[in-house]
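Fold and contact review
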There are 2 protein chains.
Amino acid sequence: MTTVRQGRSGPAELLCEGCSLHGACLSRSLPLEELEAFDAIIDRPRPLKRGEALVRQGQPFTSLFVVRSGSLKQVIDVDGRYDQVVHFYLPSETEGLDAIGEARCPATVLALERTFVCELPFAHLERLATRLPSLRGALYRCMGRELRGDQRQVCLLSGRTAEQRLAGFLLGLSERFHARGCSRYRFHLAMSRADIGSHLGLALETVSRVMGRFQRQGLVAMAGREVTLRSLEGLTVIAEDGPR
Amino acid sequence: MTTVRQGRSGPAELLCEGCSLHGACLSRSLPLEELEAFDAIIDRPRPLKRGEALVRQGQPFTSLFVVRSGSLKQVIDVDGRYDQVVHFYLPSETEGLDAIGEARCPATVLALERTFVCELPFAHLERLATRLPSLRGALYRCMGRELRGDQRQVCLLSGRTAEQRLAGFLLGLSERFHARGCSRYRFHLAMSRADIGSHLGLALETVSRVMGRFQRQGLVAMAGREVTLRSLEGLTVIAEDGPR
DNA sequence: CGGCACGTTGATAGGGATCAACGAAGGTGG
DNA sequence: CCACCTTCGTTGATCCCTATCAACGTGCCG
């Protein structure tokens, strides 16, 4: 992967301090005097086009990536016979944590739409962490959060109906968008039905059908890929109790 | 949880250097001169009885635990309506990584049999990591490995048949036992059918039936909870291609 | 305009959940 | 030492959820 690196002396919105996502990303807990050093190791590659790969499975691991805008999907090639969507990454979320400690990336990461990322070369990050205790803590916390996210995903997948999974998925997205300062009720689904299906262990047709059911029940409204959650309570009941 | 702490001056097998699992656990990559400092922060509580809790969901997070012998299951209480088995921990594996960055433990951990653990108070560990670069690296790598394990679990759960899941589960255990120096073919299943079912998103009856099928096909042999894998190749084919 | 990716909807079949009964093993108390 | 109970595993019968195959509509892009 060849990336066009931009100069260090970009405009303010290209620095963490002026970034709208500062406060949600890895740099959150860094004190101001450390932020500068953190900023200095960040690369900001050119934006990814829809469908373009950020990293490819098997390729050497070098960097973490934080989504600045747009979104990503992480896909594992399972024995060369099909693709499994493991994660979606929304703005402020960090991709690549699962590759730490491995020489090679365990999965491919693709852009779901036009996507800007910040690149954090891991070697630099680690060196910096030697000096900055708060950065170390931030990294641990970030990985811990990722682990809890995976646990949640396992619970979603394990022995739940299609309705429970989809409701849980929508509520999870809602929470994540809300945490980064967006609406809890209305957001853009950049991923296809097939992507959602793979991620939830469902056939894409089932995703479509259940989505339709939710709309008819007045739980959600959809315009294209723009979703509006009309009843968080209703969805929560379904996610917990199961359909009906 | 009150634990009986043992003195610092125990026999050699209670130190990392003399431990049979050194080389598999967190302490693996520490140079000898750092090992001593690492050893100094470890507690070794009294062994857990079968069914006893090591930590309980919601309880303040204080420590990581490394399994020395025996095994653990990590269980999440889902909305108070049922329990979801998220992880099993075998000797040399580290429990508690998913709680890092949280004040409270996200799940309950129970002993599946008589189990000895090493307790690593996280505050001490973090302080020590300030001095020891290799310990920092070891922690990152450990968490990265955990993340990849969870990914694997998600792939196992997502849209696979009962046979594929169980075959994948057995092969995963085989690998983990082998990595710690035990037989790849023969090991003890400390968990019940219900535990396995919950972990794999299957009803316990299904686990029992598929196990029976595997036995009739000569893929595995069982004597009580002692399992022998008779054909890793056969199981691999099933895990990958699906039944038949 | 034609091709393609994507989403929707219908019909069908099958895998696994569920309910139920039963046997084996281990712990307990008399 | 044996009767009792509880936990665990096995096996059978039934039903339902969802995968699968299929057809069709839509919007987008070359």
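- Per an unreviewed UniProt entry, chain A is named CRP/FNR family transcriptional regulator, and its organism is Halomonas campaniensis.

Overview of helix α5 (residues 193–200) of chain A
All names here are of chain A.
- Most of α5 sits out of view: six of its eight residues are buried.
- Every buried residue belonging to α5 is among Asp-195, Ile-196, Gly-197, Ser-198, His-199 and Leu-200, and all of these are buried.
- Packed against the buried residues of α5 are β3 (72–78), β4 (82–89), α3 (133–157), α4 (162–179) and α6 (204–216).
- Phi turns positive one or two residues past the end of α5, at Gly-201, with a value near 70°.

Some details on the packing of aromatic side chains
- Taken as a whole and judged by the stated rule, the model has nine aromatic pairs over all chains.
- Ring geometry for Phe61(A) against Phe122(A): centres 5.7 Å apart, planes inclined by 50°, an arrangement best described as tilted. With a gap of 61 residues between them, Phe61(A) in the loop between β1 (53–55) and β2 (63–69) and Phe122(A) in helix α2 (residues 122–131) connect regions that are remote in the sequence.
- Judged by relative accessible area, Phe61(A) falls into the buried class, the value being 13%.
- Judged by relative accessible area, Phe122(A) falls into the buried class, the value being 9%.
- Between the aromatic rings of Phe177(B) and Phe187(B), the centroid separation amounts to 4.9 Å while the plane-to-plane angle is 20°, which identifies the pairing as stacked. With a gap of ten residues between them, Phe177(B) in helix α4 (residues 162–179) and Phe187(B) in strand β8 (residues 186–188) connect regions that are remote in the sequence. Exposure class is identical for Phe177(B) and Phe187(B). Each is buried.

Comments concerning the interface of chain B and chain A
- Counting from both sides, the interface comprises 44 residues of chain B and, opposite them, 44 residues of chain A.
- Buried surface at the junction of chain B and chain A, both sides included, amounts to about 3800 Å², of which 61% is carbon and sulfur.
- Three residues stand out in chain B for area buried against chain A, namely Tyr140(B), Leu147(B) and Gln151(B), and they jointly supply 20% of the buried area on that side.
- Where chain B meets chain A, there are four salt bridges.
- Where chain B packs against chain A, one counts 18 residue pairs in polar contact (both at pLDDT 80 or more).
- The set of elements that each furnish at least two residues to the side of chain B that touches chain A consists of β3 (72–78), β4 (82–89), α2 (122–131), α3 (133–157), α5 (193–200) and α7 (232–241) of chain B.
- Ranked by residue count, the leading element in the side of chain B that touches chain A is α3(B), at 16 residues.

Concerning the state of the cysteines
- All told, the structure shown has zero disulfides over all chains when counted by the stated rule.
- No disulfide involves Cys25(A); its sulfur sits 5.7 Å from the nearest other cysteine sulfur, which is in Cys16(A).
- For Cys25(A), a relative accessible area of 12% corresponds to the buried category.
- No disulfide involves Cys19(B); its nearest neighbouring cysteine sulfur is the one of Cys118(B), lying 6.3 Å away.

Re unusual backbone geometry
- Unlike most non-glycine residues, Ser92(A) shows phi in positive territory, near 85°.
- With respect to the helices and strands, the residue Ser92(A) is situated in the loop between β4 and β5 (94–95).
- When its relative accessible area of 11% is taken as the criterion, Ser92(A) is described as buried.
- Of note, the phi angle at Asp79(B) is positive, near 50°, even though the residue is not glycine.
- Structurally, Asp79(B) is set in the loop between β3 and β4.
- Relative accessible area serves as the criterion here: at 40%, Asp79(B) is assigned to the partly exposed category.

Considering the sheet that holds β4(B)
Residues and elements named next belong to chain B.
- What the four strands build is an open sheet, ordered β1-β6-β3-β4; its pairing is antiparallel. Only two strands of the sheet have a single partner each, and these edge strands are β1 (53–55) and β4. Geometrically, the sheet is characterised by an average inter-axis angle of 35° between neighbouring strands, direction not taken into account.
- Here four bridges tie β3 to strand β6 (residues 108–111), and the two strands are oriented antiparallel to one another. Bridged to Val-75 within β6 is Thr-108.
- This element, α5, spans β3 and β4 of the sheet and lies at about 95° to β4.

What to know about the protein's contact with DNA strand C
- Arg193(A), Ser208(A), Arg209(A), Ala162(B) and Thr206(B) are the nearest of the 16 residues found near DNA strand C.
- Take the atoms of DNA strand C that sit within 4 Å of the protein: sugar and phosphate atoms are 56% of them.
- In this structure, a phosphate oxygen belonging to DNA strand C sits 2.7 Å away from a side-chain N or O atom of Ser208(A).
- The backbone of Ala162(B) places a nitrogen or oxygen atom 2.5 Å from a phosphate oxygen of DNA strand C.
- Contributions of two or more residues to the surface near DNA strand C are made by α6 of chain A together with α6 (204–216) of chain B.
- The element that contributes the greatest number of residues to the surface near DNA strand C is α6(A), accounting for four residues.
- Within the surface near DNA strand C, the residues separate by chemical class into four nonpolar, five polar and seven charged.

Reading the values: the criteria
- Residues numbered from 1 in each chain as written.
- Chains lettered and ligands numbered in written order.
- Predicted model: local features only at pLDDT ≥ 70, side-chain atom pairs only at ≥ 80, totals over all residues.
- Heavy atoms only, no water.
- Buried < 20%, exposed > 50% of the residue type's maximum accessible area, 1.4 Å probe, protein only.
- Helix = DSSP H or I, 4+ residues; strand = E, 2+ residues; numbered from the N terminus.
- Contact = heavy atoms within 4.5 Å.
- Phe/Tyr/Trp six-rings, centres within 6.5 Å; stacked < 30°, edge-to-face > 60°.
- Buried area = accessible area lost by both parts, 1.4 Å probe.
- Salt bridge = Lys/Arg side-chain N within 4 Å of Asp/Glu carboxyl O.
- Polar contact = N/O pair within 3.5 Å; in protein donor to acceptor, adjacent residues only side chain to side chain.
- Disulfide = S-S within 2.5 Å.
- Pairing = 2+ DSSP bridges.
- Axes fitted to C-alpha atoms, helices over the stretch in contact; angles between N-to-C directions.
- Near = heavy atom within 4 Å.
- Nonpolar A, V, L, I, M, F, W, Y, C, P; charged D, E, K, R; others polar.

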